[in-house]
Each structure stands twice: as C-alpha cells, then as structure tokens.
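This is what each chain is made of:
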Amino acid sequence: MTRTGLTDSHCHLDHFSDEEMPEVLARTREAGVDGLVTIGTRLSRADQQKKLATLDTPGLRVWCTIGTHPDHVDEEALPTGAELAAMADDARVVGIGESGLDYFHGKEDIRPRQQESFRVHIDAARRTGLPLVIHTREADDDTLAILRDETANRGAFPFLIHCFSSGPDLARGALELGGYISFSGIATFNRAQSVRDVAKDVPADRLLVETDSPYLAPVPKRGKRNEPGYVAYTARMLAELRGMDDAAFAEMTTGNFNRLFTQAV
C-alpha cells in the first residue's frame, strides 16, 4: 500500500499483551499512523519480534528489528556480525538493533562489552545494508568515537540515533557521517528545550519521529503508558516547531523513514 500517514520508527510491541494488542493497533490507525517498527532488545527474543511483525492490519504496516540493547549485553552470548546478519535475513526485519552505549546506570565493568556489542551490530548493519538503530545515553563521546572509527576504517553504514536526548555535538557528528536522528516524546517535555533546539536544526531529509512506547509518553499524555498512536502528539509539536503543517511533516518524516529503512519499502 502507499502510505501517507505517520510512521512510528521505534516502539516495543512486546510490552503489550496479546489481549490488548488489537485495541492498541486500532488506536494507532485512528491517530493517523500507518506504519511502525517494533524494536528488538534481546537477540534471544528475535523470533518474538518477527512474530509481532506479522500483525499487519488494514491500513497499518508492522516491521521489526533484531538486536541486543546495551543494558542487556551481559545477559546473552555475543554473536559475530555474520551470525547476526544471518538472523536478520527475513523480510520482516528492516533494521539491526537497538544497540549502542548506555552509561546511565554507572556499570563501568560492562562498558567494554557494550562497546564490543556495538561494533558487532555495526558489522551486521554493514553486511546486510540494514540501518542500525542506535541507543546512546550519557555516552555521547564514546558513541561518536566508535561511529567515526568504524566509518573511517571499515566503511560507511546506515544508522539512526533514536530517541535523541543528547547535545548538538553528537547530532552534528552523526549527521556528518550520514546518519539520521529520531525524536520521541522527550522533545515535548517542558525541560527539553535543548532537544527542541537540535530538532529544529536537523536537516529536513534526516529527521524521523517515534514513541519508544511504552515509555516516554509525550505531552499531553505524559505520566501515562505510551503507545504507538501517541507519536501524533510529538509529530504535531515538531511540525509546529519547524513551521510545517501536520500533513507535510508526516510526508517528510515517512519519506525519510522509507529512504533509510529500504527493506520496509
């Protein structure tokens, strides 16, 4: 189908029960969202993500990614890039990840393993041509250093910094390497002016939107459980920030999604 609505480029459908899923997806369609990606956080659950990516309904496409979140790298065996690429050889899988670095919890002993896992996921993205969905939290310098090192020494690869909440240096560096940036409900929070400042300046052809649901519900739903349909609230705020109407913003961001997530097209 030709999609004209919004795309939630990052959500976690595995946090919703089978019983409530039909209503969640119905509300998603009603909100003007016609595509979403459910994101893998553990390779041991890759089959579950692939199953969730069969939940297409009339007017709504569903895809998935597979990977291991940096918070879970000490819970699973670390694959090779080739093994991860083989696991992603499925039409329902449109990206690798989420992977990256998360130093928020202060577990310095697992940082080397996070960095190793990050490079494995980069290798898989390079092998498959699928975009790498990058999670980075309080690790801007190391994230950018690895992105630059991998690009300079092993070649470029497609990637997206998801749920952007970092500073302008990371945004600038990621964009210089050809990356895309996605904004979540964080951009609607009162104290997130620095995030809005970045969002206003991201080139029109590199910006995506997401929920990261069930987390980070945007204003005016903050404090409630987030869901994919709420991406419309974040999109509306970002459209206003950039001086666009809702339809033009949806067309722009979904076009960007299609250009990055080529397997979804």
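Residues numbered from 1 in each chain as written. Predicted model: local features only at pLDDT ≥ 70, side-chain atom pairs only at ≥ 80, totals over all residues. Heavy atoms only, no water.

Caption draft 1: Region of the structure containing the sheet that holds strand β3 (residues 61-66). Strand order in the open sheet formed by eight strands is β1-β2-β3-β4-β5-β6-β7-β8, with parallel pairing between adjacent strands. Strands with a single pairing partner mark the edges of an open sheet, and in this sheet they are β1 (6-11) and β8 (207-209). On average, each strand axis in the sheet is tilted by 30° relative to the strand beside it, whichever way the strands run. Alignment of strand β2 (residues 33-38) against β3, held across four bridges, turns out to be parallel. Across the sheet, residue L36 finds its bridge partner in β3, namely V62. Along the sheet, helix α8 (residues 231-241) contacts β1, β2, β7 (180-183) and β8; its crossing angle with β1, the most-contacted strand, is approximately 115°. (Pairing = 2+ DSSP bridges. Helix = DSSP H or I, 4+ residues; strand = E, 2+ residues; numbered from the N terminus. Axes fitted to C-alpha atoms, helices over the stretch in contact; angles between N-to-C directions. Contact = heavy atoms within 4.5 Å.)

Caption draft 2: Up close: the layout of surface pockets. There is about 630 Å³ of room inside the largest pocket. For the lining of the largest pocket, the secondary-structure elements that each account for two or more residues are β4 (93-102) and β5 (132-137). Looking at the lining of the largest pocket, its residues break down into seven nonpolar, 11 polar and 10 charged. Considering only enclosed or pocket space, the second largest pocket measures out at about 230 Å³ in volume. (1 Å grid on protein atoms, 1.4 Å probe; cavity = no way out; pocket = protein on both sides within 12 Å on 5 of 7 lines; lining within 4 Å. Points joined across faces, edges and corners; volume = space filled by probe spheres on them. Nonpolar A, V, L, I, M, F, W, Y, C, P; charged D, E, K, R; others polar.)

Caption draft 3: Spotlight on the UniProt feature "binding site: a divalent metal cation 2" (unreviewed entry) in the protein chain. Cross-referencing UniProt, the feature "binding site: a divalent metal cation 2" (unreviewed entry) maps to H135 and H162 in the present numbering. The annotated residues occupy 28 residues of the chain but converge on a single region, no pair of C-alpha atoms lying more than 6.0 Å apart. For the largest pocket, the lining residues drawn from the annotated set are H135 and H162. One can find H135 in strand β5. In this structure, H135 is in contact with H69, P70, E98, S99, G100, L101, D102 and H162, ignoring residues within four places of it in sequence. As for its placement among the helices and strands, H162 is situated in the loop between β6 (159-161) and α6 (168-176). (UniProt positions renumbered as here; feature names shortened; annotations may be inferred.)

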